[in-house]
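So the chains spell out like this:
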Amino acid sequence: MAVKKKKKVAKKVAKKKVAKKKVAKKKTAKKKVAKKKTAKKKVAKKKTAKKKVAKKKVAKKKTAKKKAAKKKTKRKPNAAFMKAMTPSAALAAIVGNKALPRTQVIKKMWVYIKKHNLQNPKNKRNILADDKLKKVFNGKKEVTMFELAGIIGKHLS
């Protein structure tokens, strides 16, 4: 009887070893499948990266063409701003008697303001009026630079 028990135990041990080997094979098979999947993912990532680089190159070429097209066409100034207008007597004392476009009148006003240091030192956006500018500013002592274009527009005809 002791021999039979030993054989039964030996068979059980053998079955357990076989079962362990099968489990081990399954695990290695799963690992191989996982490695293949990651390898496929890496290849797919490389392909998408190449596609992105190609798209960027195409986009750069398109933007370069657009920039080249933009450089060819110059911006045309509005005809209303470029129309020469005669200044009033008060404004003519500062910018001159010649007919000038609004843009040039504003430039000459700023040259006069900077030359005579008429910007408010505490707030540079404000313009302090001297005797000539008081006539243009309708008696105001101080005017903001945003009001300047509107006030000058009233003195041009």
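Structure's up top.
What counts and how
Residues numbered from 1 in each chain as written. Predicted model: local features only at pLDDT ≥ 70, side-chain atom pairs only at ≥ 80, totals over all residues. Heavy atoms only, no water. Helix = DSSP H or I, 4+ residues; strand = E, 2+ residues; numbered from the N terminus. Buried < 20%, exposed > 50% of the residue type's maximum accessible area, 1.4 Å probe, protein only. Contact = heavy atoms within 4.5 Å. Expected span 1.5 Å × (residues − 1). Arc of directions from axis to C-beta. Axes fitted to C-alpha atoms, helices over the stretch in contact; angles between N-to-C directions. Parallel < 35°, antiparallel > 145°, perpendicular 65-115°, else oblique. Left-handed = near helix turned anticlockwise from the far one by under 90°. Nonpolar A, V, L, I, M, F, W, Y, C, P; charged D, E, K, R; others polar. Polar contact = N/O pair within 3.5 Å; in protein donor to acceptor, adjacent residues only side chain to side chain. Core = buried A, V, L, I, M, F, W, Y, C linked by side-chain atoms within 4.5 Å.

**Student:** Residue-level account of the overall build of the protein chain, with values.
**Tutor:** Secondary structure assignment for the protein chain yields 6 helices and 2 strands. Listing the helices and strands of the protein chain from first to last along the sequence gives α-α-α-α-β-α-β-α. Taken over 157 residues, the protein chain has a buried fraction of 18%. Within the protein chain, counting contacts between residues at least 6 apart in sequence, those at least 24 apart form 28% of the total.

**Student:** Tell me what's going on with helix α4 (residues 102-115), and back it up with residues and numbers.
**Tutor:** Relative to the 20 Å expected for 14 residues at 1.5 Å per residue, α4 spans 20 Å between its end C-alpha atoms, a close match to the ideal helical length. By the burial criterion, the buried members of α4 are Val105, Met109, Tyr112 and Ile113. The arc that holds every buried residue of α4, seen down its axis, measures 100 degrees, which confines them to one face. Away from its buried face by more than 90 degrees, α4 exposes Lys107, Val111, Lys114 and Lys115.

**Student:** Any chance you could break down the packing of α4 against helix α6 (residues 145-154) for me, citing the residues and the numbers?
**Tutor:** Contact geometry of α4 with α6 gives a least axis separation of 11 Å together with a crossing angle of 125 degrees. Put simply, α4 runs oblique to α6. For α4 against α6, the interelement crossing comes out right-handed. Counting all contacts with α4, which are made through Arg102, Val105, Ile106, Met109, Trp110 and Ile113, the residues of α6 involved are Met145, Leu148, Ala149, Ile152 and Gly153. For the contact of α4 with α6, a count of residues per class yields 9 nonpolar, 1 polar and 1 charged.

**Student:** Lay out the side chain of Asn126 with the relevant residues and their values.
**Tutor:** Positionally, Asn126 belongs in strand β1 (residues 126-128). Of the residues examined, Asn126 reaches a relative accessible area of 14% and is grouped as buried. Residue contacts for Asn126: discarding those within four places in its chain leaves Leu118, Gln119, Asn120, Glu142, Val143 and Thr144.

**Student:** Would you mind going over the side chain of His155 in detail, with residue names and values included?
**Tutor:** With respect to the helices and strands, the residue His155 is situated in the segment after α6. Contacts of His155, omitting those with residues within four sequence positions, involve Thr86, Pro87, Ser88, Leu91, Lys135, Val136 and Asn138.

**Student:** Let's hear about the environment of Asn126: which residues, and what values?
**Tutor:** Separated by 17 residues in sequence, Asn126 and Val143 have C-alpha atoms that sit 5.6 Å apart. In terms of polar contacts, Asn126 uses its side chain to reach the side chain of Glu142, at 2.9 Å.

**Student:** I'd like to hear about α6, residue by residue, with values.
**Tutor:** Looking at α6, one finds that the buried residues are Leu148, Ile151 and Ile152. Down the axis of α6, the smallest arc covering the buried residues is 95 degrees, so these residues share one side. Away from its buried face, by an angle of more than 90 degrees, α6 presents the exposed residues Phe146 and Lys154.

**Student:** So what's going on with the nonpolar core? Which residues, and what values?
**Tutor:** Within the largest apolar cluster, 21 residues are counted, with the highest numbers of intra-cluster contacts made by Leu91, Met109, Leu133 and Phe137. Those elements that provide at least two residues to this core are α3 (89-95), α4, α5 (131-136) and α6. Excluding anything up to four places from it in sequence, Met109 contacts Leu91, Ile94, Val95, Leu133, Phe137, Leu148 and Ile152.

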